[in-house]
Amino acid sequence: MDATSALQEQGFVVIPGPARHDLLANAYTAAVASATSDDIRIGSTSTKVNDFVNRGAEFDSLYVFAPLLEACCRVIGRPFKLSSLHARTLRPGSPAQELHVDVPRDSADWPLLGFILMVDEFRLDNGATRFVPGSHRWSGTPEDTISDLRAEYNGQVLACGPAGSLLIFNGSAWHGHTANMSSGPRRSLQGAFIPRDGRAGTDFAARMQPETRARLGSIAQHVLAL
Ligand SMILES: O=C(O)CCC(=O)C(=O)O
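Before going into details, it helps to say that this report is about the structure given with it. These figures come from a predicted structure and were not determined experimentally. Counting restarts for each chain: residues are numbered from 1 in the order of the written sequence. Note on the predicted model: pLDDT of at least 70 is required for a residue's local features to be given, and 80 or more for side-chain atom pairs to be given and counted; whole-chain, interface and lining totals, by contrast, use all residues. Water and hydrogen atoms were dropped before computing side-chain values, which therefore reflect all heavy atoms in the structure.

Attention now moves to the overall build of the protein. Helix and strand definitions follow DSSP, with helices as H or I runs of at least four residues and strands as E runs of at least two, each counted in order from the N terminus. In terms of helices and strands, the protein carries 7 helices and 10 strands. What you see for the protein is a C-alpha radius of gyration of 17 Å, in line with the 17 Å of a compact globule of 226 residues. Expressed as lengths along the three principal axes of its C-alpha atoms, the size of the protein is roughly 50 × 40 × 35 Å. Note on contacts: a residue pair qualifies if any of its non-hydrogen atoms lie within 4.5 Å across the two residues. In the protein, once contacts between residues fewer than 6 apart in sequence are set aside, the share between residues at least 24 apart is 86%. Throughout, the Shrake-Rupley method with a 1.4 Å probe supplies accessible areas, and for residues the shown protein chains are the sole cover considered. Only carbon and sulfur atoms are counted for the fraction: they give 52% of the accessible area of the protein, which is about 10300 Å². Within the protein, one finds 21 positive and 23 negative side-chain charges whose respective centroids are separated by 2 Å. The globule rule is 2.2 Å times the number of residues to the power 0.38, and the radius of gyration it is compared with is taken over C-alpha atoms. When charges are tallied, Lys and Arg are placed among the positive residues and Asp and Glu among the negative ones, while His and the ends of the chain are skipped. Positions of charges follow a simple convention, taking NZ of Lys, CZ of Arg, CG of Asp or CD of Glu.

Right, let's talk about the sheet that holds strand β6 (residues 129-131) for a bit. With antiparallel pairing, the 3 strands of this open sheet are ordered in space as β7-β6-β9. The open sheet has two free edges, formed respectively by β7 (157-159) and β9 (175-177), since each of these has just one partner strand. Each strand axis lies, on average, 30° off the axis of its neighbour in the sheet, ignoring direction. We treat two strands as partners when DSSP finds at least two bridges between them. To define axes, lines are fitted to C-alpha atoms, for helices over the stretch in contact only, and angles between the resulting N-to-C directions are given on a 0 to 180 degree scale.

Once that is clear, we can look at the site of the ligand. Here a residue is considered near a molecule or strand provided that any single heavy atom belonging to it is located within 4 Å of it. Around the ligand, the surrounding shell consists of Arg88, Gln97, His100, Asp102, Ile116, Thr129, His175, His177, Arg186 and Gln190. Nitrogen and oxygen atoms within 3.5 Å of one another constitute a polar contact, given that in protein one can donate a hydrogen and the other can accept it, and given that sequence-neighbouring residues count only through two side-chain atoms. Contact distances for the ligand include 2.5 Å between an oxygen atom and a side-chain N or O atom of Arg88. One of the side-chain N or O atoms of His100 is found 2.8 Å from an oxygen atom in the ligand. About the coverage of the ligand: the protein hides 89% of its 300 Å² of free accessible area. Of all the secondary-structure elements, those providing two or more residues to the shell around the ligand are β9 and β10 (186-195). Classification used: nonpolar for Ala, Val, Leu, Ile, Met, Phe, Trp, Tyr, Cys and Pro, charged for Asp, Glu, Lys and Arg, polar for all others including Gly. Of the residues that constitute the shell around the ligand, the class distribution is 1 nonpolar, 6 polar and 3 charged.

Following the sequence through the fold, Asp39 ends up in the loop between α2 (21-34) and β2 (40-42). What makes Asp39 buried here is its relative accessible area of 12%. Partly exposed describes any residue whose relative accessible area lies between the buried limit of under 20% and the exposed limit of over 50%, with all areas from a 1.4 Å probe on protein chains only and scaled to the type maximum.

Okay, the pattern of salt bridges next. Salt bridge, as used here, is a side-chain nitrogen of Lys or Arg placed within 4 Å of a carboxyl oxygen of Asp or Glu. Applying the stated criterion to the full structure yields 11 salt bridges. A salt bridge links Arg20 to Asp22, with the shortest nitrogen-to-oxygen separation between them at 2.7 Å. The exposed category is assigned to Arg20, whose relative accessible area is 54%. A relative accessible area of 34% means that Asp22 is categorised as partly exposed. Close ionic contact of Arg207 with Asp51 constitutes a salt bridge, the shortest N to O distance being 2.6 Å. Taken together, the residues Arg207 in helix α5 (residues 204-207) and Asp51 in the loop between β3 (46-49) and α3 (66-75) connect sequence positions 156 residues apart. One network of salt bridges, in which partners are shared, links Asp39, Asp51, Arg55 and Arg207.

A few words now on the environment of His177. Structurally, His177 can be placed in strand β9. Sequence-wise, His177 and Ser61 are 116 residues apart; in three dimensions their C-alpha atoms are separated by 25 Å. Beyond its immediate stretch of four places on either side in the chain, His177 contacts Thr45, Ser46, Arg88, Leu90, Pro95, Ala96, Gln97, Gly127, Ala128, Thr129 and Arg186. There is a polar contact of 3.2 Å between the side chain of His177 and the side chain of Thr45.

Given 3.6 residues per turn, any residue in an α-helix points the same way as the ones three and four places further on. What α3 keeps buried is the set Leu68, Leu69, Ala71, Cys72 and Val75. Buried residues of α3, seen end-on, are gathered within an arc of 155° and therefore sit on one face of the element. Opposite the buried face of α3, at more than 90 degrees from it, the exposed residues are Cys73 and Arg74. It is the directions from the helix axis to the C-beta atoms whose arc is reported.

The next thing to look at is the nonpolar core. Here the nonpolar core consists of buried residues drawn from Ala, Val, Leu, Ile, Met, Phe, Trp, Tyr and Cys, with membership extended through side-chain atoms lying within 4.5 Å. Ranked by size, the top nonpolar core spans 41 residues in total, and within it Tyr63, Leu82, Leu85, Leu113, Ile168, Leu189 and Phe193 carry the most contacts. In this structure Leu113 touches Leu7, Leu68, Ala71, Cys72, Val75, Ile76, Ile168, Phe169, Gly191, Ala192 and Phe193, once residues within four positions along its chain are discounted.

A word on the packing of aromatic side chains. Each Phe, Tyr or Trp ring (for Trp, its six-membered ring) is paired with any other whose centre lies within 6.5 Å, and the angle between the two planes then decides the class: stacked below 30 degrees, edge-to-face above 60, tilted in between. In this structure the tally under the stated criterion is 8 aromatic pairs. For the ring pair Phe12 and Phe131, a centre distance of 4.5 Å and an interplane angle of 10° mean the geometry is stacked. Separated by 119 residues along the polypeptide, Phe12 in strand β1 (residues 12-16) and Phe131 in strand β6 bring together distant segments of the chain. An angle of 70° between the planes, with centres 5.6 Å apart, marks the rings of Tyr153 and Trp174 as edge-to-face. With a gap of 21 residues between them, Tyr153 in the loop between α4 (142-145) and β7 and Trp174 in the loop between β8 (165-170) and β9 connect regions that are remote in the sequence. An aromatic cluster of at least three residues, connected via ring pairs, comprises Phe12, Phe131 and Phe169.

Right, here's the structure in full:
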């Protein structure tokens, strides 16, 4: 199945990403280490760092990557913008996340196109994201349907890939990270595009740094709604 059909039929696809993964991993480590506490959120399984638009040129190619923008055209189907771009390090030993959708259908932010750049390889043992294929077409949510949201779901598929791969998914697909049973972190860059009239998770115009603005091309400026 080609990538377009996979996204349409299964609700997710893994493709080669836009950047060299070794450069990406070094830049990720440096950017996370230099973030200030107001941009860091330490959750029960993961550590997140906000706003990777303003953390280095190494991340610029991600949110203007042509296959990603093409996927936005298909899934969102009207003018769109970037809503968020953050780092998520899933810590070793973390349990599986609950199955969920990213946005309810009655939200101004629907349809949502999500993406995850695998800074580390996503494997069966280190927390690869699981998906229920075809669930982006279902009207019910996991919360309405399942009693144990962390349990394995019949027919679920793990989105695995080598470091540098890009996972693109329909935000209505049922998904969540699996348990990280390995001894290492599972690092990723995660973001979402939403309809242009929706409310972005990050106000990129307000956060824009002069050195970022100076290097942005017209496509980047457009998707950031500057
Ligand atoms: O990190 C992952 O694999 C999935 C993250 C996710 O689904 C979320 O944060 O909503």
